[in-house]
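# Residue-level structural notes
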Amino acid sequence: INAESWGLSHSAEMDPLQAVRASTKRVALRARHVQINEAALARLADGWSSDPSLMAFQPWSESSNHFVEQPVPTEKTLQYVLVLDTLNFCFWPCQWEYEQLAKALSDVLAHNDAAFSADSLARLTEDELARWLAGSNLPLMAERTRLLNEVGVNLNAFFEGSIANLVRQAKGKASELVRLILAYFPGFRDTAIHCGEQVFFYKRAQIFVGDVWGAFNKQGLGHFDDMEEITMFADYRVPQILRACSVLEYAPGLAELVDSKKELPWGSAEEVEIRAATVHATELLREALHRKGVSILSVELDWLLWQKGELEKDSIAPHHRILSVYY
């Protein structure tokens, strides 16, 4: 396996992050079920730029739920981040959220240094994963186990079992690390089809890069020269908060489905348009803030919006529901 065999070359035309931006913009501009309200977006940018306290968010390494090594992060942190982001999808309808998953995995690693080694992941069973996540009732446990097995097998096959070797191969480029993740771990290839054309999201591949950047405090293996290329991570919490801010508007039929908590078919036009509009709206919001003198990366804007969404999730209209391994 290599990156080129999957059409992920080094050329600008095939840059995975540019593919995300271009394809999601294309969908957002022709969407029939989801619209971006640019006036509401401008109001949001005005409010945030006039009151910086509204843009405060918690850095990755300051969360008590994350595994944080002292004094400096090592391979063990990379193992934790990769396992976390391999499993970072589809929390409904159980009672767990991302925070509970992050804390449970941190506890596993605290009790067993070798739990997330490539060898351990390659032979992980569904029963063992269930013990790691005791009490979670997370859906798709067989798929979660398979994805972790895939990570372990391919780390051993191509990187001598070391995630650090994979990260070093990216040579400090976030875009290259995303490309490598997509090339060697098929379970991260998060794409869809809209009007016959492929749309790229790569949510978990991108969030892995963002989490390494955050866990390593932008230093060492977490230093990337091109973090501005990472987009937001198309999930279900950020569109929920953007809709609450009137930035995203759903057509009546879609609004009824989402508000009644009906599951949308994966790959449906409605689902793809929600995700694409979320990516494009976040890019537009970042650009609007930049014009007002506020410098913020898309990854930071994602963290900000996600954290606001987590705080308000029970007091605003519900998120859309999809059964998927991608988010």
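Residues numbered from 1 in each chain as written. Predicted model: local features only at pLDDT ≥ 70, side-chain atom pairs only at ≥ 80, totals over all residues. Heavy atoms only, no water.

## Structural notes on helix 11 (residues 237-244)
Counting buried positions along helix 11 yields seven of eight residues, so the element is predominantly enclosed. Buried residues along helix 11 sit in contact with strand 4 (248-250), helix 12 (252-259), helix 13 (269-291) and helix 14 (298-312). (Buried < 20%, exposed > 50% of the residue type's maximum accessible area, 1.4 Å probe, protein only. Helix = DSSP H or I, 4+ residues; strand = E, 2+ residues; numbered from the N terminus. Contact = heavy atoms within 4.5 Å.)

## Description of empty space enclosed by the protein
Summed over all chains, the structure comprises one cavity of 30 Å³ or more. Space inside the largest cavity adds up to approximately 30 Å³. Taken together, Asp190, Thr191, Ala192, Phe201, Trp266, Glu271, Val272 and Arg275 make up the full set of residues lining the largest cavity. Of all the elements in the fold, those that place two or more residues in the lining of the largest cavity are strand 2 (191-194) and helix 13. (1 Å grid on protein atoms, 1.4 Å probe; cavity = no way out; pocket = protein on both sides within 12 Å on 5 of 7 lines; lining within 4 Å. Points joined across faces, edges and corners; volume = space filled by probe spheres on them.)

## Section: the pairing of strand 3 (residues 197-200)
Sheet topology places strand 2 next to strand 3; four bridges connect them, and they run antiparallel. Counted as the bridge partner of Ile193 is Gln198 from strand 3. In this antiparallel pair of consecutive strands, strand 2 and strand 3, the connection spans two residues, and Cys195 shows a positive phi of 50°. (Pairing = 2+ DSSP bridges.)

## A look at the packing of aromatic side chains
Taken as a whole and assessed by the stated rule, the structure comprises twelve aromatic pairs. Pairing Phe67 with Tyr80 gives two aromatic rings, centres 5.7 Å apart and planes at 45°, and the pair type is tilted. Linking Phe67 in the loop between helix 2 (38-50) and helix 3 (75-86) with Tyr80 in helix 3, this pair joins segments that are 13 residues apart in sequence. In this structure, Phe67 and Tyr80 share a single accessibility class: buried. (Phe/Tyr/Trp six-rings, centres within 6.5 Å; stacked < 30°, edge-to-face > 60°.)

## Topic: the nonpolar core
Judged by nonpolar contacts, the single largest core of 118 residues is most densely connected at Tyr80, Leu105, Trp132 and Leu133. For this core, the leading source of residues is helix 13, giving ten residues. Contacts of Trp132, omitting those with residues within four sequence positions, involve Val83, Ala104, Leu105, Val108, Ala115, Phe116, Leu121, Leu124 and Leu148. (Core = buried A, V, L, I, M, F, W, Y, C linked by side-chain atoms within 4.5 Å.)

## Examining unusual backbone geometry
Cis peptide bonds are those with omega within 30 degrees of zero, and the linkage from Gln70 to Pro71 qualifies with 5°. Within the secondary structure, Pro71 sits in the loop between helix 2 and helix 3. In this chain, Trp92 is followed by Pro93 through a cis amide linkage whose omega measures 5°. Relative to the helices and strands, Pro93 resides in the loop between helix 3 and helix 4 (98-111). Here the phi dihedral of Leu140 falls at roughly 60°; this positive angle occurs in a residue that is not glycine. Its location among the elements puts Leu140 in the loop between helix 6 (126-132) and helix 7 (141-159). Since its relative accessible area comes to 27%, Leu140 is described here as partly exposed. One non-glycine residue, Lys218, lies in positive phi territory at about 65°. Take Lys218: it is sitting in the loop between helix 10 (203-215) and helix 11.

## Things to note about the packing of helix 3 against helix 4
Each pair of packed helices gets described by two things: the angle between the helix axes and the distance between those axes. Where helix 3 meets helix 4, the axes come as close as 10 Å, and the angle between the chain directions of the two elements is 140°. With respect to helix 4, the element helix 3 is oriented oblique. The hand of the helix 3/helix 4 crossing is right-handed. Contact residues: Lys76, Tyr80, Val83 and Leu84 in helix 3; Tyr98, Leu101, Ala102, Leu105, Ser106 and Leu109 in helix 4. Its residues assigned to classes, the contact of helix 3 with helix 4 comprises eight nonpolar, one polar and one charged. (Axes fitted to C-alpha atoms, helices over the stretch in contact; angles between N-to-C directions. Parallel < 35°, antiparallel > 145°, perpendicular 65-115°, else oblique. Left-handed = near helix turned anticlockwise from the far one by under 90°. Nonpolar A, V, L, I, M, F, W, Y, C, P; charged D, E, K, R; others polar.)

## Things to note about the environment of Asp107
With respect to the element layout, Asp107 can be found in helix 4. You can call Asp107 partly exposed: its relative accessible area is 33%. Between the C-alpha atoms of Asp107 and Phe67, which are 40 residues apart in sequence, the distance is 8.0 Å. A polar side-chain atom of Asp107 sits 2.8 Å from a polar atom in the side chain of Lys103. (Polar contact = N/O pair within 3.5 Å; in protein donor to acceptor, adjacent residues only side chain to side chain.)

## Quick notes on the pattern of salt bridges
Summed over all chains, the structure comprises 15 salt bridges. The shortest N-O distance in the salt bridge between Asp46 and Lys292 comes to 2.5 Å. Pair noted here: Asp46 is in helix 2 and Lys292 is in the loop between helix 13 and helix 14, with a separation of 246 residues, a long-range link. Exposure remark for Asp46: the relative accessible area of 35% places this residue in the partly exposed category. Using a relative accessible area of 42% as the deciding quantity, one classes Lys292 as partly exposed. Of the charged contacts, one joins Glu310 and Arg237 as a salt bridge, the two residues approaching to 2.6 Å between their closest N and O atoms. Of this pair, Glu310 sits in helix 14 while Arg237 is found in helix 11, placing the two residues 73 residues apart along the sequence. (Salt bridge = Lys/Arg side-chain N within 4 Å of Asp/Glu carboxyl O.)

## Focus on the layout of surface pockets
The space that makes up the largest pocket amounts to roughly 500 Å³. Tyr98, Glu99, Trp306, Gln307 and Glu310 are the residues nearest the centre of the largest pocket, which is lined by 26 residues in total. For the lining of the largest pocket, the secondary structure elements donating two or more residues are helix 4, helix 10 and helix 14. In terms of residues, the lining of the largest pocket owes the most to one element, helix 14, which gives five residues. Residue composition of the lining of the largest pocket, by class: twelve nonpolar, six polar and eight charged. Roughly 310 Å³ of volume is contained in the second largest pocket.

Don't take any of this as a statement about function, it's just geometry.
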